[in-house]
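Spelled out from the first residue to the last, the chains are:
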Amino acid sequence: MKYLNVFLLLAITLISNAYSFQFSSLQEVQSLKTSVFGSNLIETISLTFQSGARAEAGKQVLAQLNELKTQLNTDQKNDDDMFNKKSGSFNRHIDALAKEIKTLTEEIQKLEVEIARLAALIETATENIKSFEGRIKNLKELLENMADANKQDNIYYNEKIEDLGKLYDAFTRIIAKISELKGSSSAVNKYAHINATASEIRDMEYRKSHSATNSTFIETKEKKFMSFLQVTNLNKESTKMALKLAKQYTNFLQTTVNADQAALEKLIKILTNIQDETLMKKSNTIEHLNNINSKYNELKGKVEVEIEANEASLKKQTENRARYIEEKQKAEEEKANKEQRRELLIKEKAINEKLLSELTTTHSQEKEARAEELKVVDILERIVEKRLLGKQ
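Quantities reported herein were computed from a predicted structural model and do not represent experimental measurements.

Colleague: Just checking my understanding: could you explain the overall build of the protein chain for this structure?
Modeller: Counting its regular elements, the protein chain contains seven helices and zero strands. Sequence-ordered secondary structure for the protein chain, helices as α and strands as β, is α-α-α-α-α-α-α. Relative to its 392 residues, the protein chain shows a buried fraction of 32%. Of the contacts formed within the protein chain by residues at least 6 apart in sequence, a portion of 85% connects residues at least 24 apart. Carbon together with sulfur atoms contributes 54% to the accessible area of the protein chain, which is approximately 25100 Å² in total.

Structural data, given as structure tokens:
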């Protein structure tokens, strides 16, 4: 409508060029000619007054000015309505964009916290995996060392048990052979100034009847015993004892013909006690080996249980880390998508704010211009009424 009014004013101006403009010469209207609207409107009024009677022309001018004022107010109202509608649409869209941007920003911040949390969990899981792997490795090495130590213990103590058994058997044979010497001859190297006892007399008679076999008996016993020592695989402790016994046995065989029955019984008792001690040592060694194996099996079981528990924890930590990595990747992708969406919304919001600003500026400028036009109309209306129509 604004452009239509301007067109009408221009048409009137062209028509008025053929007439003289006394109205335009009035002093009161000179200041209104500074604007195109004011200048054209003054020329139109001048034309109206020159084309007819003054009173009639004045009424016609007032009617035209009133119509123009009404039109200007109507145009302003329509412009205001249109501006309010458009600006309202812009504002609602901008508010919606701002709300979505805010929501995205909050979601991005939450994702950043979640990504940081998952990164920490991944780091912790990685450290735990490394720890469990090291622990399992150490425990398996411990199992190997324990198994090797137990194997060595069994070799050592089984050899000791075997040697003690052989030594016990040797004592059994020695005692058996020595027992055969009971009732042997004595009184060899008998001194002439000492009277023989009844037992010595008996032994001398026995010796005479067995004189051809005594030396052979002693030599044979020595050879058999030494042969036994040569084929017996003994440890250091048993070997030492066996050598000592061999020496004692040889000396005994050499001197037994001079021994009485009480000494023989005493020797057999000593050997029997040593044999019993050997059996006790063997029994204690067997018990000690059983304790070693029992303790080994107990510790082995505990270590195997611990390895199993650590392997289960390692598997769990490995699964957890894989899940954390997957969740972190998804969170990072979601964060990137939201950041991209937010950037687009920020740009769209900026464009809409710029358009709203331009719309507001244009509306304000047009409203100010129309207000100036209304002001010109009001002034001209008062001039026509007072100066040309004489109204107070």
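Colleague: Hey, could you run me through the environment of Glu319 in this one?
Modeller: Structurally, the position occupied by Glu319 is in helix 7 (residues 261–388). Separated by 194 residues in sequence, Glu319 and Ala125 have C-alpha atoms that sit 9.4 Å apart.

Colleague: How should I be thinking about the confidence of the model for the protein chain in this particular structure?
Modeller: Predicted coordinates in regions of low pLDDT should not be interpreted in detail. Mean pLDDT over the protein chain works out to 79, with 67% of the residues at or above the 70 mark. Note on residues 185–194: pLDDT is under 50 here. Beyond four places in sequence and across chains, it has 19 contacts. Of the regions scoring below 50 in pLDDT, residues 212–234 engages in 29 contacts with residues more than four places distant in sequence or in other chains.

Colleague: Help me understand the pattern of salt bridges, please; the structure alone is not making it clear to me.
Modeller: Pairing between side chains of opposite charge can happen when the charged atoms of each approach one another. Under the definition given, this model contains 16 salt bridges. Measuring nitrogen to oxygen at the nearest pair gives 2.5 Å for the salt bridge that ties Lys349 to Glu353. With a gap of four residues between them, Lys349 and Glu353 both fall in helix 7, about one helical turn apart. Each member of the salt-bridge network shares a partner with another, and the members are Lys295, Glu298 and Lys302.

Colleague: Any chance you could explain the packing of aromatic side chains here in plain terms?
Modeller: Where two aromatic rings form a pair, the distance of their centres and the angle of their planes describe that pair. Enumeration according to the criterion identifies one aromatic pair in this entry. Aromatic side chains Tyr156 and Tyr157 sit 4.9 Å apart centroid to centroid with 80° between the ring planes, which places their arrangement in the edge-to-face category. Accessibility expressed as a relative area gives 46% for Tyr156, which makes it partly exposed.

Colleague: What should I look at first to understand the side chain of Asp80 in this one?
Modeller: Here Asp80 is to be found in helix 3 (residues 54–179). This buried residue, Asp80, is left without a salt bridge; Lys367 holds the nearest opposite charge, at 4.2 Å. Not counting residues up to four positions away in its chain, the partners in contact with Asp80 are His363 and Lys367.

Colleague: Any chance you could explain the side chain of Gln275 here in plain terms?
Modeller: With respect to the helices, strands and loops of the structure, Gln275 is situated in helix 7. On the basis of relative accessible area, Gln275 is assigned to the buried category, the value being 7%.

Colleague: Explain the environment of Ser357 here, please?
Modeller: By secondary structure assignment, the location of Ser357 is in helix 7. In this structure Ser357 comes out as partly exposed when scored by relative accessible area, which is 41%. Between the C-alpha atoms of Ser357 and Phe90, which are 267 residues apart in sequence, the distance is 9.9 Å.

Colleague: What should I look at first to understand the environment of Lys328 in this one?
Modeller: Turning to its location among the elements, Lys328 is positioned in helix 7. In the structure, Lys328 is positioned 217 residues away from Leu111 in sequence and 9.3 Å away in space, judged by C-alpha atoms. Lys328 has contacts with Ile115, Leu118, Ala119 and Ile122, leaving out every residue within four places of it along the chain.

What counts and what doesn't
- Residues numbered from 1 in each chain as written.
- Predicted model: local features only at pLDDT ≥ 70, side-chain atom pairs only at ≥ 80, totals over all residues.
- Heavy atoms only, no water.
- Helix = DSSP H or I, 4+ residues; strand = E, 2+ residues; numbered from the N terminus.
- Buried < 20%, exposed > 50% of the residue type's maximum accessible area, 1.4 Å probe, protein only.
- Contact = heavy atoms within 4.5 Å.
- Areas by Shrake-Rupley, 256 points an atom, 1.4 Å probe, with all protein chains shown as cover.
- pLDDT = per-residue confidence, 0-100.
- Salt bridge = Lys/Arg side-chain N within 4 Å of Asp/Glu carboxyl O.
- Phe/Tyr/Trp six-rings, centres within 6.5 Å; stacked < 30°, edge-to-face > 60°.
- Lys, Arg positive; Asp, Glu negative; His and termini not counted.

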